[in-house]
Amino acid sequence: MITRKSKREIEKMQVAGDLLVKTHKEIAKMIKPGITTMEIDAFVEDFLTKNGAIPEQKGYNGYQYATCASINDEICHGFPRDEKLKDGDIVTIDMVVNVDGGLADSAWTYAVGNVDEKGKHLMDVTKESLYKGIEQAQVGKRIGDIGHAIQTFAEAEGFSVVRDFTGHGIGPSLHEDPHIPHFGLPNKGLRLKEGMVITIEPMINEGDWRSEMDSNGWTARTVDKGRSAQYEHTIVITKDGPLVITEQEEN
Ligand code: MF3
Ligand code: CO
């Protein structure tokens, strides 16, 4: 079901968004060669709990961790683990914060130590593609406008867009309708309305877009073993334009 949120619901989601931003800023300080994604996951669970929040991903459809941690060729839903991050890795940390029923969802790709030029370019283009999508998140625009903006930008830079995972509506539960593909045709699909809250979360690959599922049934990785980056925000469609409740930059 597609819901439109009240002012009060949006305020609650913003509280969750603020805490999620703080959590990402702490993670940014922790990411170094030698740290494990299990240590980051433990930090996140503890930090959220201490701040009165619930790590919404834990227990969601049987998922066991507070975060998803996807390294290099892992596209999404990587499991946190005891393997040390290495200089030159890229790692995407994705999490959903629940404060008193208000949800926010945001993923960010981090560079571990010194990442090569192509990897940095992949990260930059992926982040910029997210903002190209956000520009389209306006009352009266259509879902295809978002995907088209992302796809056009990322492909012009020589990268490819993952097809098998999309953004989504969010609240009252983590995954609500509609799906928000990161590819598509302009002026196609559902029209966006005031009060809708969605995630935009492009997964962009340095090589081919195709993905395959690990035997754990969760983790998707690139078929060609190229790297994949992802940035995700939770966005409210307002009459004044997109409101990014997980924005990390000071405005
Ligand atoms: N944050 C992820 C998303 O954007 C949620 C992953 S589902 C989980 O869809 F079960 F892994 F938590
Ligand atoms: Co999401």
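Each chain carries its own residue numbering, running from 1 in the direction its sequence is written. Key to labels: chains lettered from A, ligands numbered from 1, both in the order written. Reporting of local features is limited, given that this is a predicted model, to residues whose pLDDT is at least 70; pairs of side-chain atoms are given and counted only at 80 or more, and all residues count toward the totals for whole chains, interfaces and linings. As a rule here, side-chain values cover all heavy atoms of the structure and leave hydrogens and water aside.

### Regarding the site of ligand 1
The line we're drawing: Note on terminology: near, applied to a residue and a molecule or strand, indicates that one of the residue's heavy atoms is within 4 Å of it. By the criterion applied in these results, polar contacts are pairs of N or O atoms within 3.5 Å in which, for protein atoms, one can donate a hydrogen and the other can accept it, and in which residues neighboring in sequence qualify only through two side-chain atoms. Accessible surface is estimated by sampling points in the Shrake-Rupley manner with a 1.4 Å probe; for residues, cover comes only from the protein chains shown. Definitions used throughout: a 1 Å grid over protein atoms alone; a cavity as a set of points that fits a 1.4 Å probe which cannot get out; a pocket as an open set with protein on both sides within 12 Å along at least five of seven lines; a lining residue as one with an atom within 4 Å of a point. Any molecule with more than half of its atoms within 2 Å of a cavity's or pocket's grid points is counted as sitting in it.
Not every one of the 13 residues close to ligand 1 is listed here, only the nearest: Gln 57, Asp 94, Asp 105, His 175 and Glu 201. At a separation of 2.9 Å, a nitrogen atom of ligand 1 approaches a polar side-chain atom of Asp 94. Taking His 168, its side chain carries an N or O atom lying 3.4 Å from an oxygen atom of ligand 1. A total of 330 Å² of accessible area belongs to ligand 1 in isolation, and the protein chains cover 97% of it. Placement of ligand 1 is best described as lying within the largest pocket.

### A short note on the coordination of the cobalt ion (ligand 2)
Rules: Coordination here is defined by N, O and S atoms within 2.8 Å of the metal (3.2 Å for Na, K and Ca), and since water is not considered, a site can look incomplete. Secondary structure is summarised from DSSP: a helix means a run of H or I of at least four residues, a strand means a run of E of at least two, and numbering begins at the N terminus for each. Any residue under 20% of the maximum accessible area for its type is buried, any over 50% is exposed, and the rest in between are partly exposed; the area is computed with a 1.4 Å probe on protein chains only.
Summarising the metal site, the cobalt ion (ligand 2) is bound by the protein donors Asp 105 (OD), His 168 (NE2), Glu 201 (OE) and Glu 232 (OE), whose distances to it range over 2.0 to 2.5 Å. Here the donor residues of the cobalt ion (ligand 2) are spaced in sequence according to D-x62-H-x32-E-x30-E. Here His 168, found in strand 7 (residues 167-169), pairs with Glu 232, found in the loop between strand 13 (228-230) and strand 14 (233-238); they are 64 residues apart in sequence, far enough to count as distant. One exposure class covers both His 168 and Glu 232, and it is buried.

### A word on empty space enclosed by the protein
Put simply, the rule is: Grid points are joined across faces, edges and corners, and a volume is the space filled by probe spheres set on the points.
Using the criterion set out here, one finds one cavity of 30 Å³ or more in the structure. Looking at the largest cavity, the residues that line it are Ile 2, Thr 3, Lys 5, Gly 169, Ile 170, Gly 171, Glu 176, Asp 177, Pro 178, Met 196, Val 197 and Ile 198. Looking at the lining of the largest cavity, the elements that each hand over two or more residues are strand 8 (176-180) and strand 9 (197-200). For the lining of the largest cavity, the element with the highest residue contribution is strand 8, accounting for three residues.

### Describing the pattern of salt bridges
Filter applied, for reference: Basic side-chain nitrogens of Lys or Arg form a salt bridge, by our definition, when they fall within 4 Å of a carboxyl oxygen of Asp or Glu.
Scanning the entire structure with this criterion turns up 19 salt bridges. Here Asp 100 and Lys 12 are joined by a salt bridge, their closest N and O atoms 3.6 Å apart. Taken together, the positions of Asp 100 in the loop between strand 4 (90-99) and strand 5 (102-111) and Lys 12 in helix 1 (residues 7-30) put the pair 88 residues apart, joining distant regions of the chain. Judged by relative accessible area, which is 59%, Asp 100 ranks as exposed. Taking relative accessible area as the criterion, Lys 12 reaches 24% and is therefore assigned partly exposed. Residue Arg 210 pairs with Asp 208 through a salt bridge whose shortest N-O separation is 2.9 Å. Overall, the relative accessible area of 29% leaves Asp 208 in the partly exposed class.

### Brief notes about the layout of surface pockets
Test applied: Residues were grouped as follows: Ala, Val, Leu, Ile, Met, Phe, Trp, Tyr, Cys and Pro as nonpolar; Asp, Glu, Lys and Arg as charged; and all remaining residues, including Gly, as polar.
Of the voids in this model, the largest pocket is the one considered here, and its volume is about 360 Å³. In this structure, the largest pocket is lined by 22 residues; those nearest its centre are His 77, Thr 166, His 168, His 175 and Glu 201. At the level of secondary structure, the elements contributing two or more residues to the lining of the largest pocket comprise strand 4 and strand 7. Its residues assigned to classes, the lining of the largest pocket comprises nine nonpolar, nine polar and four charged.

### Re the sheet that holds strand 12 (residues 220-222)
The following threshold applies: Here the rule is simple: two strands pair whenever DSSP picks up at least two bridges between them. Axes, fitted as lines to C-alpha atoms, cover a helix only where it is in contact. Angles between the N-to-C directions of the axes lie from 0 to 180 degrees.
The strand order across the open sheet formed by three strands is 3-12-11, and the pairing between neighbours is antiparallel. Either end of the sheet is taken by a strand with one partner, and the two such strands are strand 3 (74-76) and strand 11 (211-213). Across the sheet, the mean angle separating the axes of adjacent strands is 40 degrees when strand polarity is ignored. By the bridge criterion, two bridges tie strand 3 to strand 12 in an arrangement that is antiparallel. Residue pairing across strands places Glu 74 opposite Arg 221, the latter belonging to strand 12.

### A word on the packing of helix 3 (residues 117-135) against helix 4 (residues 143-156)
Definition in use: Any angle that is under 35 degrees is reported as roughly parallel, and any over 145 degrees as roughly antiparallel; angles of 65 to 115 degrees are reported as roughly perpendicular and all others as oblique. Handedness of a crossing follows from how the near helix is turned relative to the far one, being left-handed for an anticlockwise turn of less than a right angle and right-handed for a clockwise one. Any two residues whose heavy atoms approach within 4.5 Å at even a single point are treated as in contact.
As a packed pair, helix 3 and helix 4 sit with axes 8 Å apart at the nearest point and diverge in direction by 150 degrees. With respect to helix 4, the element helix 3 is oriented roughly antiparallel. By crossing handedness, the relation of helix 3 to helix 4 is classed as right-handed. Each of Val 125, Glu 128, Ser 129, Lys 132 and Gly 133 in helix 3 lies in contact with helix 4, whose residues at this interface are Ile 146, Ala 149, Ile 150, Phe 153 and Ala 154. Considering only residue class, the contact of helix 3 with helix 4 consists of six nonpolar, two polar and two charged.

### As for the nonpolar core
Put simply, the rule reads: Residue types Ala, Val, Leu, Ile, Met, Phe, Trp, Tyr and Cys, when buried and joined through side-chain atoms within 4.5 Å, form a set referred to as a nonpolar core.
Ile 27, Ile 40, Val 91, Val 97, Ile 146 and Ile 200 are the most contacted members of the largest nonpolar core, which totals 59 residues. Broken down by element, this core gets its largest block of residues, seven residues, from strand 4. Ranked by size, the runner-up nonpolar core spans six residues in total, among them Ile 75, Cys 76, Met 203 and Ala 220.

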